[in-house]
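Residues per chain are reported as follows:
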Amino acid sequence: MKLATRINSFLPKYENDIEKVFEKFNAMGLTHVDLNYPEHVKDYSAESIKQTLDKHNLKANGVALRFRDDFINGELGNSDESISNKAIQLCKEACDYCRDIKGEVVTIWLGFDGFDYSFQIDYVKVWKQIVNSISEIAEYAPDLKISIEYKPFQPRAYAFIDSFGVALSMIKEIDKENVGITLDFCHMLMKHENPAYGASILGNQGKLYGVHLNDGYGLNDDGLMIGTNNLIKTIEFIYYSKLYKYNQAFYFDTFPVIEDPIEECERNIKMIKKINQIIDRLGLEYFENLIKQNKAVKVSDLILEILK
């Protein structure tokens, strides 16, 4: 399995020394790195990051856009065309950086494209603007996977791309071979979605480009350690990722506030490996037969089997 985790949680512990962070990632058994662009790399050339990754036997999974400052009223969908164009340019620069460090996925989360009040935005105009913008980015980097990450709210009261259905509808309209979706487990819980549902549909269509694993209670982006609250849902999610041969990194998007980030990440690694072992022990055919029976009591039997 390809495994990565949040750099943000480790940087303060290692005095913002990214080489020390990568060294620790390697020691823990992580295999890949996702970098926020531009915040994680503003002081590092692509060449230096690639050398540091190689030194510590890590590979780049990709980069994730982070929009700040000018973009708080919208990124690709901003009503100010100059700001929207600036967001497009930042995405293109992220593509260049991703390519230079041998990454494969550019993740676009539009945290500020949304609204807080009725009559605040022109929904159709913003929709078309985002569709056209992502199409332009995808055409700029046809060799990379351009992945849309959605979230129902935060920091805006309503995110524009807020759900599996909206994200899927958007990539269908964009209709580019290299545009897909990143699923964040906690974001899906916030929208009262079953994460495995999205993973199965996207997996079947070859459009699952990214996975952010975490856990939560559904009312907030809690970022808890994986499998600690919704274990059976996590097992189902990973089952479908294996069934459809998801081949990008599993990214631990968890937020250790009180916990030590090293200890927390080690538990995430142990948990995903344990879940993977459970699925392998029972076999994909076991789960296929279980689903075909369409009986709740059989699901209860599965949980009892897992608890053996």
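Please read all numbers here as calculations on a predicted model, not as lab measurements.

Participant: Could you clarify how one ought to interpret the overall build of the chain in this entry?
Facilitator: Of the regular secondary structure elements, the chain holds 11 helices and 10 strands. Projecting the C-alpha coordinates of the chain onto the three principal axes gives extents of approximately 60 × 45 × 35 Å. With 308 residues in all, the chain has 55% of them scored as buried. Partitioning the intrachain contacts of the chain with sequence separation of at least 6 by distance along the chain shows that 77% fall at a separation of at least 24. For the chain, the exposed area adds up to about 14,600 Å²; of that, 50% sits on carbon and sulfur atoms. Side chains of the chain carry 36 positive and 46 negative charges; the gap between the two charge centres is 6 Å.

Participant: I'm lost on helix H4 (residues 123-140) in this one. Help?
Facilitator: Every α-helix carries 3.6 residues per turn, so stepping three or four residues along brings you back to the same face. For H4, which comprises 18 residues, the first-to-last C-alpha distance of 26 Å matches the rise-based estimate of 26 Å (1.5 Å per residue) to within 8%. What H4 keeps buried is the set Val126, Trp127, Gln129, Ile130, Val131, Ser133, Ile134, Ser135, Ile137 and Ala138. As for H4, its buried residues are in contact with helix H3 (81-100), strand S4 (105-109), strand S6 (145-149), helix H5 (164-174) and strand S8 (179-184). Near the N-terminus of H4, the side chain that reaches the backbone nitrogen of Val124, with its oxygen 3.3 Å away, is that of Asp122.

Participant: Looking at this structure, I do not really get the sheet that holds strand S9 (residues 208-213). What am I missing?
Facilitator: The strands making up a sheet associate through backbone hydrogen bonding, with each pair oriented either parallel or antiparallel. Spatially, the 8 strands line up as an open sheet ordered S1-S10-S9-S8-S6-S4-S3-S2, and their pairing is parallel. Looking at strand neighbours, the two that pair on one side only are strand S1 (3-5) and strand S2 (32-37), the edges of this open sheet. Adjacent strand axes in the sheet meet at a mean angle of 25 degrees when their direction is disregarded.

Participant: I'm lost on the pairing of S2 in this one. Help?
Facilitator: On a regular strand, each side chain points to the face opposite its neighbour's, so the side chains alternate between the two faces of the sheet. For S2, the tally of buried residues reaches 6 of 6 residues, placing the bulk of the element in the interior. Residues His32, Asp34 and Asn36 point to one face of S2 and Val33, Leu35 and Tyr37 to the other, with burial holding for every one of them. One ladder, built from 6 bridges, connects S2 with strand S3 (residues 59-65); its direction is parallel. For Asn36, the partnering residue across the bridge sits in S3 and is Ala64. The parallel pair S2 and S3, bridged by helix H2 (residues 46-55), forms a crossover whose chirality is right-handed.

Participant: Sorry, what's going on with the pairing of S9 here?
Facilitator: In terms of burial, S9 is a largely internal element, 6 of the 6 residues being buried. Note: S8 against S9, 4 bridges, orientation parallel. Bridge assignment links Asp184 to a residue of S9, and that residue is His212. By the bridge criterion, 3 bridges tie S9 to strand S10 (residues 250-252) in an arrangement that is parallel. From the neighbouring strand, Val211 faces S10, where its bridge partner is Phe250.

Participant: So what exactly am I meant to see when it comes to the packing of aromatic side chains here?
Facilitator: The geometry of two aromatic rings is summed up by the distance between their centres and the angle between their planes. For the coordinates displayed, the defined rule picks out 14 aromatic pairs. Considering the side-chain rings of Tyr286 and Phe287, the 5.5 Å spacing of their centres and the 80 degrees angle between planes classify their relative orientation as edge-to-face. Judged by its relative accessible area of 5%, Phe287 is buried. Ring-pair connections join several aromatic residues into one group, and the members of that group are Tyr239, Tyr240, Tyr244, Tyr286 and Phe287.

Procedures and definitions
- Every chain's residues receive numbers from 1 upward, in the order its sequence appears when written.
- Per-residue local features of the predicted model are confined to residues with pLDDT of at least 70, and side-chain atom pairs are confined, for both listing and counting, to 80 or more; whole-chain, interface and lining totals are unaffected and use all residues.
- Hydrogens and water are ignored here; the side-chain numbers use all heavy atoms of the structure.
- The numbering of helices and of strands both runs from the N terminus, where a helix is a DSSP run of H or I of at least 4 residues and a strand a run of E of at least 2.
- The buried label applies to any residue whose accessible area, calculated with a 1.4 Å probe on protein chains only, is under 20% of its type's maximum; exposed applies above 50%, and partly exposed to all values in between.
- Every residue pair with non-hydrogen atoms within 4.5 Å of one another is taken to be in contact.
- Areas reported as accessible are Shrake-Rupley estimates using a 1.4 Å probe. Residue values count occlusion only from the protein chains shown.
- As used throughout, the charge tally considers Lys and Arg to be positive and Asp and Glu to be negative, leaving His and the chain termini uncounted.
- Positions of charges follow a simple convention, taking NZ of Lys, CZ of Arg, CG of Asp or CD of Glu.
- By definition here, a helix of n residues has an expected span of 1.5 Å times n minus one.
- Whenever two N or O atoms come within 3.5 Å, that pair is a polar contact, provided that in protein one can donate a hydrogen and the other can accept it, and provided that, for residues adjacent in sequence, both atoms are side-chain atoms.
- At least two DSSP bridges between two strands are required for those strands to pair.
- Note on method: axes are straight lines fitted to C-alpha atoms, helices fitted across the in-contact stretch only, with angles between N-to-C directions ranging 0 to 180 degrees.
- Look down the strands so they point away from you; if the path from the first strand over the helix to the second goes clockwise, the crossover is right-handed.
- For Phe, Tyr and Trp, rings pair up if their centres lie within 6.5 Å, where Trp contributes its six-membered ring, and each pair is then called stacked (planes under 30 degrees apart), edge-to-face (over 60) or tilted (otherwise).

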